[in-house]
Amino acid sequence: MVKSNLKILACILILGCAYLWNTDSPLLWGDEAGTALFGENILKTGVSFGFDGRNLLVFGNCASVSTSLLSKKIPWGQDYIAAISIFLFGRSTSAARILFALIGIAAFFPLYAVLKKKSAFPELLALLILLSPQTLLFQRNARYYSMVLLFFAILLWLHDLGFKSEKQRFFLLSVCAALFFHTHQLAAFCTMGSFVLFCLIRDRKSFKIYFPAAIAGGLCWLVFYLSLEGIPGKGVMIINLLFKSPEQWFSLFIKGVAAGILDLDHVGTLPLIAWGIVLVIFSLLPEDRKEAGSVFRDPLNQIIGINLLFQIMVNAAVIGFESNYCYALLRYMPHLTATGIIPLFLFIEKLIDDAQIGKRLRTGIIPAAFFLLIFSNSFSFSYWFEPLPGRPFRFSWLPAVYGEIIRKETDGMEKLIDILLKEKSDAEDVIYVEPVYLNEVLIFYVGDRYLVRPDVVRGSECEKAIIDTVGEKAFSRFFKKPKWMIMFFDSLKEVPPEYEEIKLPFFRYLPDGSRPELTRHCFVDKSEKNMGYISLYRTYDFYD
């Protein structure tokens, strides 16, 4: 017992170092900054309001807010966590992230509780899952990612836990489902739907508990969502094509499913070559030594498998993919990018256990196999064949991910923020930035000194809603001649009259290259030439 507790304590200390080290680097990317800003507004108003008294949070021509400028696209759960984190730790990059990282560390306990009954190495297995490169990037973000993983781990634990009272079980599941839906509705829908489907197939008695609990949790969110009147924006959901152009929808759906599978392979969650190898080995075993097949009948692995398939298909059917490179929506499934490798781990452990080798040798080989899977990308189909373009390829993600955290690399954004803060400015000075998805980043870091022109189409319903909420005078301030114009990579052909240009080297190939998906994350390498420049244009009278 003491030895087990010491192992758990060691795991928590290791996770604490990995999750909390240098959380001030890199700077918040767009979605993180938006979460932190909504959190700040909660501290002021009690709700996720898209106006802080100076700047507007209306990305995509109000596609993510209601007519009263309340956040609508993503539930408010993450905003309240950000609010608490900022309240407890202050206003900074680290402060916005700390509580999310602590929630990520807390996921160790339900994962360990579940794996304790499945593996001889539950502490190691839970630790490696939470330290895997893709999971680490998600868990260190000021977004819902760590919350989703924690709720999923708790649901797995509750399913494995024996209940004497069905009322108690229903109550706990309903509360967990409601919190899950108020964290991320799509992930919650797919997860609760997967539990319901599993119960329908294998556990009809539990179906009577899970189905109403899922409905209760979903309705709790739906009533809230429908109370917020939306504004037509730049919707990108391909589900709209289902009845207008079924053939086009089906083509995009298939591409989305393929992207989901291949991107999970790319980040190491679903290494297709590793699965191929262990299945071939399993097929060659004599019939009397195929006990490893019991892994596929284990409820834990079946739930994870059903959830993976369900989430991939729902993502593909509703949203499809992002950009011309067909990026899967990995950030909508951070719980599965972490836990999706569990069935493979348990299958390998069972195969080695069934092998006719000594116990001491088995005890060494199993952890080594786990480490190898986490360390090397050579077991991923994507590493060898690069089936999808626009994605970085490395033999191992570990040196790049952990190296970036330890070295605390800067990419050019820090210098930009430093220049804006040091220059003399008036509270009414306006910044215009391209691409517009950097608005929230600038608002978080310099919004108390500048007005950042919002992503609003003039004359649109979005503009009308803003004027109705904050007033025409407050809105018109954003459309004065900007003191600063900031362009990433695509500088203007000519420097506008009355402006001068400053160029800053930028070391990521995308302005939002610090985002957490490994398929889209741009690692900083200053041993190579910078990827491009940030062009800053400021008016001549700036020093007056």
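Details of the structure are given in the entry above.
What counts and what doesn't
- Residues numbered from 1 in each chain as written.
- Predicted model: local features only at pLDDT ≥ 70, side-chain atom pairs only at ≥ 80, totals over all residues.
- Heavy atoms only, no water.
- Helix = DSSP H or I, 4+ residues; strand = E, 2+ residues; numbered from the N terminus.
- Rg over C-alpha atoms; globule rule 2.2 N^0.38 Å.
- Buried < 20%, exposed > 50% of the residue type's maximum accessible area, 1.4 Å probe, protein only.
- Salt bridge = Lys/Arg side-chain N within 4 Å of Asp/Glu carboxyl O.
- Contact = heavy atoms within 4.5 Å.
- Pairing = 2+ DSSP bridges.
- Axes fitted to C-alpha atoms, helices over the stretch in contact; angles between N-to-C directions.
- Left-handed = near helix turned anticlockwise from the far one by under 90°.
- Nonpolar A, V, L, I, M, F, W, Y, C, P; charged D, E, K, R; others polar.
- Disulfide = S-S within 2.5 Å.
- Polar contact = N/O pair within 3.5 Å; in protein donor to acceptor, adjacent residues only side chain to side chain.

Draft legend 1. Structural detail: the overall build of the chain. Helices and strands together make up the secondary structure of the chain, namely 25 helices and five strands. In summary, the chain has a C-alpha radius of gyration of 25 Å against a globular reference of 24 Å for 544 residues, a match within 12%. By principal-axis analysis of the C-alpha atoms, the chain measures approximately 85 × 55 × 55 Å. Classification of the 544 residues of the chain by burial places 58% in the buried group.

Draft legend 2. Up close: the pattern of salt bridges. Enumeration according to the criterion identifies 23 salt bridges in this entry. Across the salt bridge formed by Asp24 and Lys408, the nearest N and O atoms sit 2.8 Å from each other. Here Asp24 is found in the loop between α1 (2-20) and α2 (30-45), whereas its partner Lys408 is found in the loop between α21 (398-407) and α22 (413-422), with 384 residues between them in sequence. Assessed through its relative accessible area of 37%, Lys408 is described here as partly exposed. With its nearest N and O atoms 3.0 Å apart, the salt bridge here joins Glu500 to Arg538. One end of the pair, Glu500, is in strand β4 (residues 499-506); the other, Arg538, is in strand β5 (residues 532-539), with 38 residues separating them in the sequence. Taking relative accessible area as the criterion, Glu500 reaches 27% and is therefore assigned partly exposed. Members of the salt-bridge network, linked through shared partners, are Glu322, Arg331, Asp512, Arg515, Glu517 and Arg520.

Draft legend 3. Focus on α21. Those residues of α21 that sit buried are Ala400, Val401, Gly403, Glu404 and Ile405. Where the residues of α21 are buried, they touch α8 (133-139). Just beyond α21, the residue with positive phi is Lys408, at close to 55°.

Draft legend 4. Structural detail: unusual backbone geometry. The residue after Ser25, namely Pro26, is reached through a cis peptide bond having omega -10°. If you trace the backbone, Pro26 turns up in the loop between α1 and α2. For Asn22, which is not glycine, the phi torsion reads 50° and is therefore positive. In this fold, Asn22 is placed in the loop between α1 and α2. Of note in this structure, Cys326 is not a glycine but carries a positive phi near 60°. As for its placement among the helices and strands, Cys326 is situated in the loop between α16 (299-318) and α17 (334-339).

Draft legend 5. Just the sheet that holds strand β3 (residues 484-488), in detail. Spatially, β2-β1-β3-β5-β4 is the arrangement adopted by the five strands of the open sheet, whose pairing is mixed. Only two strands of the sheet have a single partner each, and these edge strands are β2 (451-452) and β4. Strand direction decides the pairing type here: strand β1 (residues 430-434) and β2, joined by two bridges, are parallel. Note on β2: the bridge partner recorded for Ile431 is Val452. Running over the sheet, α22 touches β1, β3, β4 and β5 and is turned about 175° from β3.

Draft legend 6. Layout of the packing of helix α10 (residues 166-181) against helix α12 (residues 204-226). Two numbers describe how α10 lies on α12: the axes approach to 8 Å, and their chain directions differ by 35°. Viewed along their axes, α10 and α12 form a crossing whose handedness is right-handed. On the side of α10, the interface is formed by Glu166, Arg169, Phe170, Leu173, Ser174, Ala177, Ala178 and Phe181, while α12 contributes Lys205, Ser206, Ile209, Tyr210, Pro212, Ala213, Ala214, Ala216, Gly217, Gly218, Cys220 and Trp221. Taken together, the residues that form the contact of α10 with α12 break down as 13 nonpolar, four polar and three charged.

Draft legend 7. Molecular detail of the state of the cysteines. Taken as a whole and assessed by the stated rule, the structure comprises one disulfide. Put simply, Cys62 and Cys462 are joined by a disulfide, and their sulfur atoms are 1.9 Å apart. With the S-S dihedral at roughly 55°, the linkage between Cys62 and Cys462 falls on the right-handed side. Remark: Cys462 occurs in helix α24 (residues 461-470) and Cys62 occurs in helix α3 (residues 59-62); sequence separation between them is 400 residues. No difference in accessibility class separates Cys62 from Cys462, as the two residues are buried. Not part of a disulfide, Cys176 finds its nearest cysteine sulfur in Cys220, a span of 13 Å.

Draft legend 8. Examining the side chain of Asp512 more closely. Residue position: Asp512 is located in the loop between β4 and β5. Within the structure, the side chain of Asp512 is placed 2.8 Å from the side chain of Arg515, a separation counted as a polar contact.

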